[in-house]
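Next come the chains, spelled out residue by residue.
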Amino acid sequence: MKKIKTWVQSSNGWQRLWLVGVVAAHIYLGIIIPLQDSSSFSQSKFADMRRIEAEMKKPECDPYLRAPFNKLPTDANITMICFDLFYERKKLKNDDPFSLKAYEAEMNATIRSRFLDDIKLGLLVALFLSALIYGLGTLTAWVIKGFRKKDL
């Protein structure tokens, strides 16, 4: 901790600007963007759930709730009426009766997983950008220092 404090106190203006930029990039790319993406993604998933709930109330969609997947009606008109149920049953890849509770658990796991992946990606991008900028700054300082050397 003492090394960090010493570095911050002895750093020049460009290094301090870099440090502020790194902190801002980590906050923006690691927290703000994942929260925004998660919010829009979860709104989309909840809209899907509302459509599925509406289809569950339709009598023509009853086979899509209970029948094994390979015995579901494939008539184009019925499939279009019960499209969201059909799609979710196809995605789940099992013959268990469809349950809104199971769908909700899978949906929440997907939202959580995507949110954590967004955080990891955001922090990784911020780390890469900060290392790149610091490296370019160090390289530039080295080149400038070479021009300032006195001839021997």
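Residues numbered from 1 in each chain as written. Predicted model: local features only at pLDDT ≥ 70, side-chain atom pairs only at ≥ 80, totals over all residues. Heavy atoms only, no water.

(A) Focus on the layout of surface pockets. Each pocket or cavity is described by its volume, and for the largest pocket that value is around 330 Å³. Lining the largest pocket we find Asn-12, Trp-14, Gln-15, Leu-17, Trp-18, Ile-133, Tyr-134, Leu-136, Gly-137, Thr-138 and Ala-141. Of all the elements, helix H6 (residues 100-148) adds the most residues to the lining of the largest pocket, at 6 residues. Partitioned by chemical class, the residues of the lining of the largest pocket number 7 nonpolar, 4 polar and no charged. (1 Å grid on protein atoms, 1.4 Å probe; cavity = no way out; pocket = protein on both sides within 12 Å on 5 of 7 lines; lining within 4 Å. Points joined across faces, edges and corners; volume = space filled by probe spheres on them. Helix = DSSP H or I, 4+ residues; strand = E, 2+ residues; numbered from the N terminus. Nonpolar A, V, L, I, M, F, W, Y, C, P; charged D, E, K, R; others polar.)

(B) Looking closely at the packing of helix H2 (residues 13-56) against H6. Interhelical geometry of H2 versus H6 gives an angle of 160° and a closest axis separation of 8 Å. Here H2 lies roughly antiparallel to H6, going by the angle between them. Of the two possible hands of crossing, H2 and H6 adopt the one that is right-handed. The residue makeup of the contact of H2 with H6, split by class, is 24 nonpolar, 8 polar and 7 charged. (Axes fitted to C-alpha atoms, helices over the stretch in contact; angles between N-to-C directions. Parallel < 35°, antiparallel > 145°, perpendicular 65-115°, else oblique. Left-handed = near helix turned anticlockwise from the far one by under 90°.)

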